[in-house]
Amino acid sequence: MDLDCRVSGKEIVITSPGSACVAVYHRVEGEPRLRTTAPPTGPTEFKVQAWRLANDKARDLGWIV
């Protein structure tokens with residue numbers, strides 16, 4: 001599954017091109033994890049891959065360890 005990842009402020013937005021699948025995660029100050037801004041839309045496979053991609057991006061940004 002091909003996914004796009006972009007960072008906007010304290011949010012990481014994951015989308016699947018050509019579909020309506022969207023997942024938005026945000027950084028929580030003082031917590032070593034991400035939270036969803038709204039429940040991700042799309043099939044389970046998208047949700048799992050989006051979560052992994054968002055966590056990888058957050059690690060790259062130094063938001064989580």
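Refer to the structure printed above.
Right, let's walk through the structure included here. Only a predicted model underlies this, so the values are computations on that prediction, with no experimental measurement involved.

1. Side note on the overall build of the protein
Okay, so step 1: Along the backbone of the protein there are 1 helix and 4 strands.
Okay, so step 2: Secondary structure elements of the protein occur, N-terminal to C-terminal, as β-β-β-β-α.
Okay, so step 3: Since a compact globule built from 65 residues should have a radius of gyration of about 11 Å, the 11 Å found for the protein is in line with a globular shape.
Okay, so step 4: Considering only C-alpha atoms, the protein reaches an extent of 35 × 20 × 20 Å along its principal axes.
Okay, so step 5: Out of the 65 residues belonging to the protein, those deemed buried represent 28%.
Okay, so step 6: Taking contacts inside the protein between residues at least 6 apart in sequence as the whole, the part at least 24 apart equals 36%.
Okay, so step 7: If you sum the accessible surface of the protein, you get close to 4000 Å²; carbon and sulfur atoms cover 51% of it.
Okay, so step 8: Mean positive and mean negative side-chain charge positions of the protein (9 and 8 charges, respectively) differ by 6 Å.

2. Side note on the side chain of S16
Okay, so step 1: With respect to the element layout, S16 can be found in the loop between β2 (11-15) and β3 (22-27).
Okay, so step 2: Apart from residues no more than four positions distant in its own chain, S16 is found in contact with M1, D2, L3, C21 and F46.

3. What to know about the sheet that holds β3
Okay, so step 1: Spatial ordering of the open sheet is given by β1-β2-β3-β4, a layout of 4 strands whose pairing is antiparallel. Since the sheet does not close on itself, it has two edges, and those belong to β1 (4-8) and β4 (34-41), each with one partner. Across the sheet, the axes of successive neighbouring strands diverge by a mean angle of 15°, strand direction being ignored.
Okay, so step 2: Pairing geometry for β2 and β3, over 5 bridges, is antiparallel. Within β3, the position partnered with V13 by the bridge is V24.
Okay, so step 3: The strands that helix α1 (residues 44-61) touches are β1, β2, β3 and β4; relative to β2, the one it contacts most, it runs at about 145°.

4. Quick notes on the pattern of salt bridges
Okay, so step 1: In this structure the tally under the stated criterion is 4 salt bridges.
Okay, so step 2: Two residues, R35 and E31, come together in a salt bridge whose shortest N-O distance is 3.1 Å.
Okay, so step 3: On the basis of relative accessibility, which here comes to 34%, the residue R35 falls in the partly exposed class.
Okay, so step 4: For the salt bridge of R59 with D56, the shortest nitrogen-to-oxygen distance reads 3.6 Å. Placement of the pair is R59 and D56 together in helix α1, with a separation of 3 residues, close to one helical turn.
Okay, so step 5: With a relative accessible area of 42%, D56 lands in the partly exposed category.
Okay, so step 6: Residues participating in the shared-partner salt-bridge network are E31, R33 and R35.

Cut-offs and rules
- Residues numbered from 1 in each chain as written.
- Predicted model: local features only at pLDDT ≥ 70, side-chain atom pairs only at ≥ 80, totals over all residues.
- Heavy atoms only, no water.
- Helix = DSSP H or I, 4+ residues; strand = E, 2+ residues; numbered from the N terminus.
- Rg over C-alpha atoms; globule rule 2.2 N^0.38 Å.
- Buried < 20%, exposed > 50% of the residue type's maximum accessible area, 1.4 Å probe, protein only.
- Contact = heavy atoms within 4.5 Å.
- Areas by Shrake-Rupley, 256 points an atom, 1.4 Å probe, with all protein chains shown as cover.
- Lys, Arg positive; Asp, Glu negative; His and termini not counted.
- Charge placed at Lys NZ, Arg CZ, Asp CG, Glu CD.
- Pairing = 2+ DSSP bridges.
- Axes fitted to C-alpha atoms, helices over the stretch in contact; angles between N-to-C directions.
- Salt bridge = Lys/Arg side-chain N within 4 Å of Asp/Glu carboxyl O.

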